[in-house]
Each structure stands twice: as C-alpha cells, then as structure tokens.
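# Commentary on secondary and tertiary structure
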Amino acid sequence: MATIYTPQHLRAVVDMGSNGIRFSISSLQPPTARIMPTLYQHREAISLYDAQYSPTGQRQPIDDATISAVCTAFQQFQRTCLDFSVPEDEATRTAMNSDDFRARIKQAVGWDVTMLAKEEEGRVGAMGVASSLPDVSGLVMDLGGGSTQLSWLINTRNPANVQMPEQGAVSMPYGAAAMSRRVAEAERNGTTAELKQEVQRAVSDAYASLKVPASLQDIAKIERGFTLYLSGGGFRGWGYVLMSRHAVQPYPIPVINGFCCSRAQFLDITSVQHAAVASLEDDEDGIFRVSDRRAGQVPAVAFLVNALAEALPEIKEVRFCQGGVREGHLFLQLPDETRSQHPLVVATETFDTSNTSGAITKLLLSALPNPDGKKHPADHYSATFTQDLLEAFANLLYHHATHSKDLQSSSALRSTTSGVLASVHGVLHESRVMLALLLCQRWGGDVPPTDQQFKHAMEQLVDSPWTLWWINYLGAVGALIAAVYPASITARNTGRLAFTATWAETEKGEPEVKLRVIFAEGAHSSGFAKDVQAVEKVGKKKRWVGGRDGVGYKVQAESTNGDE
C-alpha cells in the first residue's frame, strides 16, 4: 500500500559529521510522523576530520579540493530537494566548520549552514536516541569522528516527557578518528597508560557534572546497573562486530537500531578486535556494514571502551541506536502527543484499513488467562505480550491474505526484517522477533526449507521457551479470529466471537489453559471446529517447545453458543 507524502510535511536535512556528510529527506506527515519515514538518503564519504590533517599529522585548513567536493554534493542534493518538492524554508543544515567553508557552501547553493556547539550537538543527538526506541532510561553516549558526548536521558510515553541535563551533554575530544591518532601517538611515545588515565579522568568528571537524577540512580540500583544507549558511527561499528559474534548465527536482524547486548558481551574487547583484524585481512568475507575504515578504528574504540568500563558506574546492558543529529532534529519538531505514540503501533496502523484492530486486540487479550493463576513461575507472559505488541499483531492480521498459501507464513516471518516493516524506525530487536513469529504462526507456521534456518534463528532470540509457546498459542488464536471474521470486525458482524480464558489443573495437577470459545447465535460454531482444534493442538505435548519433555501447557478449548 503506497503512501503519498505531501510536500509541506517533507524535511530535508544535511548532517555534516567529521567522517561523512549525510543527506536525507524525511516526512513528518501524520499518522506516521513518529517513525519519521525516510524518502531519500545518501552519504558522501568525505572526511572533514582527515582533511584537516597533513600526511605528517599537522593541522591544516580544509583544502580547496575537499571544499569543492562538498559544494558539488550540496548542489546535487539541492536538485534532489527540488525533485521531491521540499519547501525551500524546510532545508536544514547542521555543521561545525570554519566561516570560509560555510561561506563557500552559501555561495554554491544559497543555503546558510548552522554550526552546532558541541553540547548542543549532544542535546540533538540525545533526542535522536529518544526517537530510536519506544522508551529510554539510562546513560547515553555518541561517538563521532572527532568527539564523543556523554549524557543521561529519560524518555517516557505516558505522558510524553523527555528529560536530559540542562547542558545537553558533555563533549570530550575522543571521537573514533581522533582516538586513532591519539592511540597511535601514545604507542609511539610510550604514553599509553597516561592516555588511558586522561580518558578515564575526563569520563569520570563528565559523569559527575551531569548530575544524574536520583530516580535514575535508584532504578540502576534495583536493576543492578544502568542501561547504556550508544549512537554514532564508531559505536555502531562496534555493534555490528558484536552482531557478527552473536551466539545466534547468522544473526537474523540486519539493522543495528534496537540491538541489545550484555555488559560482558560489550566488553569482550579481545574477540571484537580479533574479528575486526580478520575482516581487514579477508577481502571477500568481511563483516556486514563494517568498512575497512571502521574496522581500522576498532583498536581506538576498544581503547575508549576499556576506559569507559572503569570510569562509568556499573552498566547492566548496552542498547545500540541509529538515531543521531538527523533523527534528533526531526524528533524535536514533533508535538508531545506524537512522541508518546509507540513506533510499532504507528508503523502497522496504516494496514488496519477497517479501523477495527482495537476490537481484535481486546479479543487477543481475552484469550490470555489471568497472570495471577497457576502458571509456571518462570513464565512472564503478561509482561511480554503487551497491548502495543498485540495491537501491532492485530493491525497486520490480514495483511498477508493476498499471498498464496505457499508464501503466507514465510512472508509474514520476514515482514519485520526485509518486508513491510523493515524500514521502521524506533523498534527493538525483541519486538521485531516477537511480531514476526506471531504473524508466522497466525498463518500456520510452516515455512519452506529456504526459511527454516532463519525461523530457527529468530526463535533462538526469544528470551524464554515459555514466550515461544505463547507465540504459538496466540498465533493459533489469531487464525481463529480471522476465520470467524474473514473481512475483519465490522458494525454488521461485531459480537460474533468472544473468549474467556482461565487457569485449571490437569488430572496430574499440572497447570492447564482453559479457553471458552463463545460464538454468537447464528455463527455456526461447528463450521470453525478445525480452527478451535488448532488452538487446542498447541497444548499437545508433542507440540510443546522442546517436545514432550519441553515447555508448554495443555489447552482445553471448549466451543459454546452464546445462548448456551
């Protein structure tokens, strides 16, 4: 389903970083403004940082050839903006360079270049991180080419509220490219230990100056550490290396945004460095999305990571974010009401053409028994299957109906990684996995041999075998709902189906899900016997996660008519 974007909602942004220039055109058109769809993006690999150093390492002005290349790139983007009918007053530029350099750009395209102070860059970058995930609460670091910023961030959706330090962030001269030079120089001079102490001291002082609120520190104490949110090319390169070293291989989700790892994985410096070296030595089989330049910077990033481990408070987990200056600038333009929306719901609601996903979501929730019942103590399904997730599931419940049966499960499985939701901004890897598997099971879960390894990899990313069992259960329930309401729920057919779910016990005293399937009078429950049985079959031990000795519950599905 194609979306037509109107020109008045388009925003053109040029983010001039030290390692490259990123051109993009995005839309802030409702109802998808929260996920900021990108219509065009292009990166020019022009390193303004390297251009300021001679081959001998001495600082120098940016040369004419580099300035000319930048101006040519701006002129090409200006033509692109005209092609997309971007309003002239909505072309936003961010940069940090000399007056002469900006004057040349002004002369070439007639655009003024706004120079962000380091701290303001950190503030805008933090907003980019806030845009990258549904909720954020922890420490934030951005690693560019010339500098790195440290801050803290609390972004809640109900109500919408983004909190950060008054100064935005503390900037330190330890970017990936800068650290590469500093580390090489320290190794030559034998001052590596002194450099490490300098970085640790700077990071410690920066953290102290941020005055992290007590509420955030209290959460860190309860959860045994902060969540550290990372953005910027240097850290994303580190993240891609970690994805290539993940226990699940090949790692099935290609995007870096939303990827999470433990403290121990993040600090496995030796493995990351070995992988980067191997990538540089292998011309044909490098690491996905890790260029030779990024791989070459890994030792410097490793030096910084090592210093962070000793300078920052306890870190529980690390979450990687795509959001940067571009995303932060756009996110700042959104009203609080839009910022409070869940990205996954926003991305899928356009597929709910009948505007009835709310009723379907209620049906799905009613098929889940009260979590206070006799469930397994390791089963936390009520916290996992949130209303936002189930609403997204409901929005896409019918999307693959137009596909042939041979493709439905497979296309649904790939929908969040290379299908209709692949480009969505602001979604966790966990959510991509859960929604893909729910949709796959809604269509029966049977995939061709070409997708079996991929499905197995996705299943391995699920946090618990109990969660996998509930995915199978809710997928079957979703298929039953779609069978009873083949054209979704409308004013003419509402009330045709209802569920009540409770906990019971088997004869052996084991917990059992008892699902009462209530059909309205005239709905002919016998016509849906196979669909009800499919739900019940999820509870057969041979279909449990791990087989008969694995994980699952018996399901007793009982069909009744509303007048019984």
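Residues numbered from 1 in each chain as written. Predicted model: local features only at pLDDT ≥ 70, side-chain atom pairs only at ≥ 80, totals over all residues. Heavy atoms only, no water.

### Concerning the overall build of the protein
In terms of helices and strands, the protein carries 21 helices and 15 strands. In terms of overall size, the protein behaves like a compact globule, its C-alpha atoms giving a radius of gyration of 26 Å where 564 residues would be expected to give roughly 24 Å. Projecting the C-alpha coordinates of the protein onto the three principal axes gives extents of approximately 85 × 50 × 50 Å. Looking at the protein residue by residue over its 564 residues, the buried ones come to 53%. Within the protein, contacts between residues separated by at least 24 positions form 72% of all contacts whose residues are at least 6 apart in sequence. Only carbon and sulfur atoms are counted for the fraction: they give 49% of the accessible area of the protein, which is about 25,300 Å². Here the protein carries 52 positive and 61 negative side-chain charges, and the mean point of each set is 3 Å from the other. (Helix = DSSP H or I, 4+ residues; strand = E, 2+ residues; numbered from the N terminus. Rg over C-alpha atoms; globule rule 2.2 N^0.38 Å. Buried < 20%, exposed > 50% of the residue type's maximum accessible area, 1.4 Å probe, protein only. Contact = heavy atoms within 4.5 Å. Areas by Shrake-Rupley, 256 points an atom, 1.4 Å probe, with all protein chains shown as cover. Lys, Arg positive; Asp, Glu negative; His and termini not counted. Charge placed at Lys NZ, Arg CZ, Asp CG, Glu CD.)

### Focus: the nonpolar core
In this structure, W238, F320, F385, W470, Y473, I481 and F499 are the most contacted members of the largest nonpolar core, which totals 129 residues. Element by element, the count of residues in this core is highest for helix α20 (residues 465-484), at 13 residues. Not counting the four nearest positions on each side in its chain, F385 is found in contact with L365, L368, L390, M434, L438, T467, W470, I471 and L474. If you look at the next biggest cluster of nonpolar residues, it comprises 24 residues, including I62, F74, F77 and F101. (Core = buried A, V, L, I, M, F, W, Y, C linked by side-chain atoms within 4.5 Å.)

### Describing the layout of surface pockets
The calculated volume of the second largest pocket comes to roughly 980 Å³. Together, 38 residues line the second largest pocket, and R319, L428, H429, E430 and S431 are the ones closest to its centre. At the level of elements, β6 (136-143), β7 (148-157), β10 (226-231), β12 (315-320), α15 (381-384), α16 (387-395) and α18 (429-442) are the ones that each hand at least two residues to the lining of the second largest pocket. Here the lining of the second largest pocket takes 5 residues from α18, the largest share from any one element. The residue inventory of the lining of the second largest pocket, partitioned by class, reads 18 nonpolar, 13 polar and 7 charged. (1 Å grid on protein atoms, 1.4 Å probe; cavity = no way out; pocket = protein on both sides within 12 Å on 5 of 7 lines; lining within 4 Å. Points joined across faces, edges and corners; volume = space filled by probe spheres on them. Nonpolar A, V, L, I, M, F, W, Y, C, P; charged D, E, K, R; others polar.)

### Topic: the pattern of salt bridges
A complete count under the given rule lists 15 salt bridges for this structure. Taking the shortest distance from any N to any O, the salt bridge between D64 and R104 comes out at 3.7 Å. Of the two residues, D64 sits in helix α1 (residues 64-83) while R104 sits in helix α2 (residues 99-109), which places them 40 residues apart along the sequence. Residue R157 is joined to D135 by a salt bridge in which the shortest nitrogen-to-oxygen separation is 3.4 Å. (Salt bridge = Lys/Arg side-chain N within 4 Å of Asp/Glu carboxyl O.)

Any link to function would need more than the numbers given here.
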